[in-house]
Amino acid sequence: MSLRVEDLTVYYQTLRGDVRALESATFSLADGEIMGLAGESGCGKSTLSNSLIRLAPPMKHIKGRVILDDQELPIADLHAMNEYRFTEISVVPQYAMNAMNPTRKIGKMAEELLRSRGIDARKALPELERRLDLVELDHDVLKMYPIEMSGGMKQRMVMVLSTLMDPSLLLADEITSALDVSTQKAVAKMLVGFRDREIVKSIVVITHDMSILYQIADGIMIMYAGQLAEKASTETIIHSPRHPYTKLLITSLPKVGVKHDEVRLKGIPGNPPLLLDPPTGCRFRERCPLAFEPCMDVPPFVEIEPNHFVACWKEGGANA
Amino acid sequence: MLKLDNVSKTYRTGTFGGKQLCAVRDVTFEIKDGEVVSLIGESGSGKSTIGKMILRLIAINEGTITFDGLDVGSLKRGDLREYYRKVQGVFQDPFSSYNPIFKADRVFEVMHDHFYRSMRQKEWTAKIHDSLESVGLNPEHVLGKYPHQLSGGQLQRFLIARALLLEIRFLVADEIISMLDASTRIDVLNLLADLKERDLGVLFITHDLSLGYYISEQAAILYRGCIVEMGQTEKIYDNPIHPYTRMLMASVPRLDKKWEDVEIELRAKQGQLSDGCVYFERCPEHQRQTCCRDDRPTLRLAEEGHFVACQRSGKEESS
Ligand SMILES: Nc1ncnc2c1ncn2[C@@H]1O[C@H](COP(=O)(O)OP(=O)(O)O)[C@@H](O)[C@H]1O
Ligand SMILES: Nc1ncnc2c1ncn2[C@@H]1O[C@H](COP(=O)(O)OP(=O)(O)O)[C@@H](O)[C@H]1O
Ligand code: SF4
Ligand SMILES: [Mg+2]
Ligand SMILES: [Mg+2]
């Protein structure tokens with residue numbers, strides 16, 4: 001097992017109170033697995049991802065542990081985590097391409113990054129160039145400024161830089177969202193390539209786009225309002241989900257071949273709750289067509305069949 | 001109802017406007033009453049430029065846009081106002097249409113001031129309620145709120161409701177659901193489908209092929225300002241012919257098929273071709289043209305004493 005997260009709870013401390021963005025997350029990731037993390041915006045995907053690598057204020061570690069390759073990560077200690085960032089666990093953050101320093105040449109950025117890890121950039125150059133080949137970027141990009149590169153080129157460059165140290169776990173946060181479909185496909189396939197070539201051991205792909213996950217993920221985890229709702233193989237999540245939210249979500253997605261005058265798709269009425277003072281119990285309760293008495297308590301995230309976890313009182317939660 | 005005839009748009013760019021950027025080239029299509037046409041293309045292909053020209057937010061360089069036969073470009077004052085009574089637009093980012101310090105319903109007042117100045121308050125309020133209900137919003141829940149108190153989906157429906165305050169007959173919907181979450185997207189999409197039942201025409205601008213399929217009977221594929229393929233949505237999806245469309249079809253992530261399967265299918269379809277050039281399957285995509293697939297080229301004189309069976313021989317390069 002490459003990653004194990006236990007009871008991880010992270011809040012944002014704000015003047016108005018705690019934003020309860022991640023509540024008791026427990027799950028694990030197999031070696032070589034690409035796991036998709038999906039859910040509506042604001043459900044806590046980036047919070048989960050950031051907690052694993054850089055749990056900085058206003059985020060606050062409430063409880064829980066993270067174990068990577070049999071080693072517990074000191075996630076609550078920003079400084080101690082330095083040792084693991086880039087080398088053991090790496091992130092391609094949301095909006096990374098826009099965050100590139102516009103006045104620095106790409107090569108310079110790579111050099112600085114390597115130096116900060118105590119690595120001689122000149123010695124690392126051949127490997128860097130090999131990685132550029134891998135993502136089909138010309139070596140000349142090292143002489144370019146970010147503004148001279150297209151979105152797709154920048155995204156590939158960020159991927160190369162964040163995987164240069166062969167981290168065990170790569171977190172990719174919405175890296176395809178701003179790209180055109182053709183570039184999206186290329187970037188998604190590159191993630192698979194990184195895994196297949198064992199540059200990284202496992203990957204968490206965060207996106208709100210289920211169809212991308214259907215293409216590349218081995219498994220998918222669905223979050224709702226800061227809670228884990230369901231986790232299973234990609235086939236299971238797409239074709240036979242069990243959590244009411246996942247079911248409604250999947251059936252609401254338009255597919256090529258579905259026309260409104262033949263099949264009228266339905267959305268999910270209502271909105272997700274605010275996480276500053278969220279409702280008690282199952283946070284999907286207000287929108288759930290199946291809600292009943294027990295839902296006033298938080299449903300446990302239970303393995304209802306091998307490798308299929310669901311947090312719902314209607315789906316095995318009662319037998320827990 | 002709405003017709004574009006050889007419409008082109010060139011932007012002046014560069015510090016002194018010295019450079020030119022051709023954003024839309026020679027675009028011709030028509031949208032009839034009760035018809036939803038999808039305009040599909042990647043970013044920068046010119047989709048919004050077409051939408052803005054229809055809404056007269058920017059000028060046309062060449063060609064004409066007509067609405068019920070009237071030249072939209074030459075409308076003045078009163079006529080232009082009449083035009084806006086019938087033709088309205090909704091855009092991608094719902095938040096940018098609202099001023100955060102005012103309540104969201106303020107967007108309705110603009111309509112009142114422009115088009116219904118003489119209408120009494122009571123009547124006007126009733127009209128707003130009707131309009132909100134027609135887009136599936138409960139007026140009690142959404143009126144009197146600030147933009148941040150409403151979701152993106154609600155704000156977007158607000159804007160459609162605003163357009164429906166007028167007796168519009170045509171709506172330009174520019175990427176209006178790309179910023180919405182999956183669970184609310186479909187409601188806005190269904191709403192557009194319902195407008196069609198009311199005989200409205202809709203130009204549905206999107207980069208998402210599955211959305212285009214769901215809602216439109218006609219689709220146009222745009223690349224670098226040119227329409228490269230156009231026609232009945234099913235036909236284009238089931239049998240894409242232009243290499244660009246084929247590339248799009250092969251790239252778009254789908255929930256029903258994996259990329260590999262789509263690629264195989266597309267190749268198989270190529271194999272079935274009956275009427276076209278025999279070399280079509282193996283001809284590099286950049287060389288191929290629609291006609292290569294439909295008509296088998298006959299031997300033609302390329303130069304004195306030299307014959308070639310290729311659609312490209314003897315023809316000029318088309319861009
Ligand atoms: N810096 C912050 N301060 C307070 N609340 C925050 C902050 N960042 C995120 N949040 C809140 O935490 C919740 C989860 O956010 P996030 O993890 O970014 O969601 P996602 O990535 O799924 O869109 C949201 O309700 C968001 O408003
Ligand atoms: N106001 C403008 N001035 C100069 N160039 C523009 C302007 N608006 C758009 N463009 C350019 O025109 C092309 C088409 O843009 P647009 O119509 O917005 O495409 P789309 O909506 O398909 O993304 C792009 O290359 C864009 O950079
Ligand atoms: S626990 Fe209850 S409210 Fe939550 S998803 Fe299950 S049935 Fe619905
Ligand atoms: Mg996020
Ligand atoms: Mg646009």
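This text follows the structure it describes.
Residues numbered from 1 in each chain as written. Chains lettered and ligands numbered in written order. Predicted model: local features only at pLDDT ≥ 70, side-chain atom pairs only at ≥ 80, totals over all residues. Heavy atoms only, no water.

**Examining the overall build of chain B**
Next, step 1: Helix and strand counts for chain B come out as twelve helices and twelve strands.
Next, step 2: Seen along its three principal axes, the alpha-carbon backbone of chain B occupies a region of about 85 × 45 × 40 Å.
Next, step 3: The buried share of chain B, reckoned over its 319 residues, is 50%.
Next, step 4: Considering only intrachain contacts with a sequence separation of at least 6, the fraction spanning at least 24 residues in chain B is 60%.
Next, step 5: Distance between charge centroids for chain B: 4 Å, based on 42 positive and 46 negative side chains. (Helix = DSSP H or I, 4+ residues; strand = E, 2+ residues; numbered from the N terminus. Buried < 20%, exposed > 50% of the residue type's maximum accessible area, 1.4 Å probe, protein only. Contact = heavy atoms within 4.5 Å. Lys, Arg positive; Asp, Glu negative; His and termini not counted. Charge placed at Lys NZ, Arg CZ, Asp CG, Glu CD.)

**Notes on the sheet that holds strand S8 (residues 202-206) of chain A**
Residue and element names in this part refer to chain A.
Next, step 1: The sheet built from eight strands is open, its strands ordered S6-S7-S8-S3-S9-S10-S12-S11 with mixed pairing. Edge positions in the sheet fall to strand S6 (89-92) and strand S11 (302-305), since each has one partner strand and no second. Each adjacent strand pair in this sheet contributes to an overall mean axis angle of 25°, direction not counted.
Next, step 2: Sheet topology places strand S9 (residues 219-224) next to strand S10 (residues 227-233); six bridges connect them, and they run antiparallel. In the sheet register, Tyr-224 faces S10, and the bridge partner there is Gln-227.
Next, step 3: Contacts between helix H5 (residues 151-163) and the sheet are confined to S6 and strand S7 (169-173), with S6 contributing the most and set at about 170° to the helix. (Pairing = 2+ DSSP bridges. Axes fitted to C-alpha atoms, helices over the stretch in contact; angles between N-to-C directions.)

**Quick word on the packing of helix H3 (residues 106-115) of chain B against helix H6 (residues 152-164) of chain B**
All names here are of chain B.
Next, step 1: Interaxial distance between H3 and H6 falls to 10 Å at its minimum, and their mutual angle equals 15°. Judged by the angle between their axes, H3 and H6 are roughly parallel. The way H3 lies across H6 gives a crossing that is right-handed. Judged by residue contacts, Val-107, Phe-108 and Met-111 of H3 engage Phe-158, Ala-161 and Arg-162 from H6.
Next, step 2: Class assignment for the residues of the contact of H3 with H6 results in five nonpolar, no polar and one charged. (Parallel < 35°, antiparallel > 145°, perpendicular 65-115°, else oblique. Left-handed = near helix turned anticlockwise from the far one by under 90°. Nonpolar A, V, L, I, M, F, W, Y, C, P; charged D, E, K, R; others polar.)

**Looking at the interface of chain B and chain A**
Next, step 1: Counting residues at the interface gives 38 residues for chain B and 36 residues for chain A.
Next, step 2: For the pair chain B and chain A, the two sides together bury roughly 3500 Å², of which 57% comes from carbon and sulfur.
Next, step 3: A per-residue breakdown of the area chain B buries against chain A is headed by Tyr-214, Leu-255 and Trp-259 of chain B, which together make up 24% of the total.
Next, step 4: Counting across the chain B and chain A interface gives 19 residue pairs in polar contact (both at pLDDT 80 or more).
Next, step 5: Among the elements of the structure, helix H7 (182-197), helix H8 (209-215), helix H9 (233-238), helix H10 (243-251) and helix H11 (259-271) of chain B are those that each provide at least two residues to the side of chain B that touches chain A.
Next, step 6: The biggest single contributor to the side of chain B that touches chain A is H7 of chain B, with nine residues.
Next, step 7: Here the residues of the side of chain B that touches chain A are counted per class, giving 17 nonpolar, nine polar and twelve charged. (Buried area = accessible area lost by both parts, 1.4 Å probe. Polar contact = N/O pair within 3.5 Å; in protein donor to acceptor, adjacent residues only side chain to side chain.)

**Section: the site of ligand 1**
Residue and element names in this part refer to chain A.
Next, step 1: Around ligand 1 sit 14 residues, and of these Gly-42, Gly-44, Lys-45, Ser-46 and Thr-47 come closest.
Next, step 2: Within the backbone of Cys-43, a nitrogen or oxygen atom sits 3.3 Å from an oxygen atom of ligand 1.
Next, step 3: A distance of 2.4 Å separates an oxygen atom of ligand 1 from a polar side-chain atom of Thr-47.
Next, step 4: In the complex, 65% of the free accessible area of ligand 1, which totals 560 Å², lies under the protein chains.
Next, step 5: At the level of elements, strand S1 (3-14), strand S2 (17-29) and helix H1 (45-53) are the ones that each hand at least two residues to the shell around ligand 1.
Next, step 6: Top element by residues in the shell around ligand 1 is H1. It accounts for three residues. (Near = heavy atom within 4 Å. Areas by Shrake-Rupley, 256 points an atom, 1.4 Å probe, with all protein chains shown as cover.)

**Notes on a nonpolar patch on the surface**
Residues and elements named next belong to chain B.
Next, step 1: On the surface, Leu-299, Leu-301 and Phe-307 cluster together into a nonpolar patch covering about 340 Å² of accessible area.
Next, step 2: Mapped onto the elements, Leu-299 comes out in the loop between helix H12 (290-294) and strand S11 (300-303).
Next, step 3: A relative accessible area of 60% means that Leu-299 is categorised as exposed. (Patch = residues over 30% accessible without salt bridge, like charges linked within 9 Å, V, L, I, M, F, W, Y side chains within 5 Å. Salt bridge = Lys/Arg side-chain N within 4 Å of Asp/Glu carboxyl O.)

**Some points on the pairing of S11 of chain A**
All names here are of chain A.
Next, step 1: The pairing of S11 with strand S12 (residues 308-310) spans three bridges and is classified as antiparallel. Across the sheet, the residue bridging to Glu-305 is His-308, located in S12.
Next, step 2: Adjacent in sequence and paired antiparallel, S11 and S12 are bridged by two residues, among which Asn-307 carries a positive phi angle near 60°.

**Remarks on unusual backbone geometry**
Residue and element names in this part refer to chain A.
Next, step 1: Between Pro-57 and the following residue, Pro-58, the backbone shows a cis peptide bond with an omega angle of 10°.
Next, step 2: Here Pro-58 lies in the loop between H1 and strand S4 (59-68).
Next, step 3: Unusually for a residue other than glycine, Phe-86 sits at a positive phi of about 75°.
Next, step 4: On the secondary structure map, Phe-86 appears in the loop between strand S5 (71-72) and S6.
Next, step 5: In this model, Asp-277 sits at a positive phi of 65°, which is unusual for a non-glycine residue.

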